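The chain contents come next:
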Amino acid sequence: MSRRFVAGTAAKLAQLRSRDLSGMHLPALFIDGIEIGGHTIVVALGVDAAGHKHVLGLWEGSTENAAVCGSLLGNLIGRGLATDRALLFITDGGKGIAKAIADTFGALALHQRCRLHKRRNVMGHLPEGLRPLVGQKLDAAWAKEDPEGAERALRSLASSLEENHPGAAAIVQALTCGQGSCPCALAARKGHGLCHCP
């Protein structure tokens, strides 16, 4: 790798990590850890009201590490990320990022576990032949406008998997009320009332 490439990349990264965010209205923020060349990089991706995505920051470390995640959030806030209004965080479910979000944003943080990660976790506990059917049932539950109907569909799916695929059943069960990705929490985020989970 040439010195010129390394210098140019470092300059672009420094520019990205210092960009002013104060003019951006971002109702949602995705945070995920990705593996690049044996290193884990935590990426913050903002979504504006029009649905456009903006890379906001990169931080080396893991979403399991609260200090790393807190540093990333602190950097974003220092560059102007609003902290005076509710913000929906979609994450991979790492405990470190969940703690950093709660510590930094408190009651203004709405935290949603990424459905893609949940789907991968469920599918990883199933035989190949059963994955399409279970995937369709997850999609059908998540597509329901009625939170109670979504809740019933998820509980029914978990129950149907319990005997032969308890690992998958436990993950589906974790999608129900009181577990952080519940249908009533999703409805609350759409403006259809408040989540009544503990």
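Keep in mind the model is a prediction, meaning the values are calculated, not measured.

## Topic: helix 7 (residues 166-173)
Next up, step 1: Taken residue by residue, helix 7 has A168, A169, I171 and V172 as its buried positions. With its buried residues spanning 165° around the axis, helix 7 presents them on a single face.
Next up, step 2: Lining the buried residues of helix 7 we find helix 4 (115-123), helix 5 (131-143) and helix 6 (147-161).

## Considering the packing of aromatic side chains
Next up, step 1: Going through the model one piece at a time under the given rule, you end up with one aromatic pair.
Next up, step 2: The ring of W59 carries R17 above its face, with NZ or CZ at 4.0 Å from the centroid.

## A word on a nonpolar patch on the surface
Next up, step 1: A grouping of M1, F5 and V6 is seen on the molecular surface, where their side chains present a nonpolar patch of about 380 Å² in accessible area.
Next up, step 2: If you trace the backbone, M1 turns up in the segment before helix 1 (3-18).
Next up, step 3: A residue is classified by how much of its surface remains accessible, and M1, at 83% relative accessible area, is exposed.

## Things to note about the packing of helix 5 against helix 6
Next up, step 1: Relative to each other, helix 5 and helix 6 sit at 160°, their axes nearing to 8 Å. Classified by the angle between their axes, helix 5 and helix 6 sit roughly antiparallel to one another. Crossing of helix 5 over helix 6 shows left-handed handedness. Residue-level contacts link V134, K137, L138 and A141 of helix 5 to A150, A153, L154, L157 and L161 of helix 6.
Next up, step 2: When grouped by side-chain class, the residues that make up the contact of helix 5 with helix 6 number eight nonpolar, no polar and one charged.

What counts, and where the lines are drawn
Residues numbered from 1 in each chain as written. Predicted model: local features only at pLDDT ≥ 70, side-chain atom pairs only at ≥ 80, totals over all residues. Heavy atoms only, no water. Buried < 20%, exposed > 50% of the residue type's maximum accessible area, 1.4 Å probe, protein only. Helix = DSSP H or I, 4+ residues; strand = E, 2+ residues; numbered from the N terminus. Arc of directions from axis to C-beta. Contact = heavy atoms within 4.5 Å. Phe/Tyr/Trp six-rings, centres within 6.5 Å; stacked < 30°, edge-to-face > 60°. Lys NZ or Arg CZ within 6 Å of the ring centre and 35° of its normal. Patch = residues over 30% accessible without salt bridge, like charges linked within 9 Å, V, L, I, M, F, W, Y side chains within 5 Å. Areas by Shrake-Rupley, 256 points an atom, 1.4 Å probe, with all protein chains shown as cover. Salt bridge = Lys/Arg side-chain N within 4 Å of Asp/Glu carboxyl O. Axes fitted to C-alpha atoms, helices over the stretch in contact; angles between N-to-C directions. Parallel < 35°, antiparallel > 145°, perpendicular 65-115°, else oblique. Left-handed = near helix turned anticlockwise from the far one by under 90°. Nonpolar A, V, L, I, M, F, W, Y, C, P; charged D, E, K, R; others polar.

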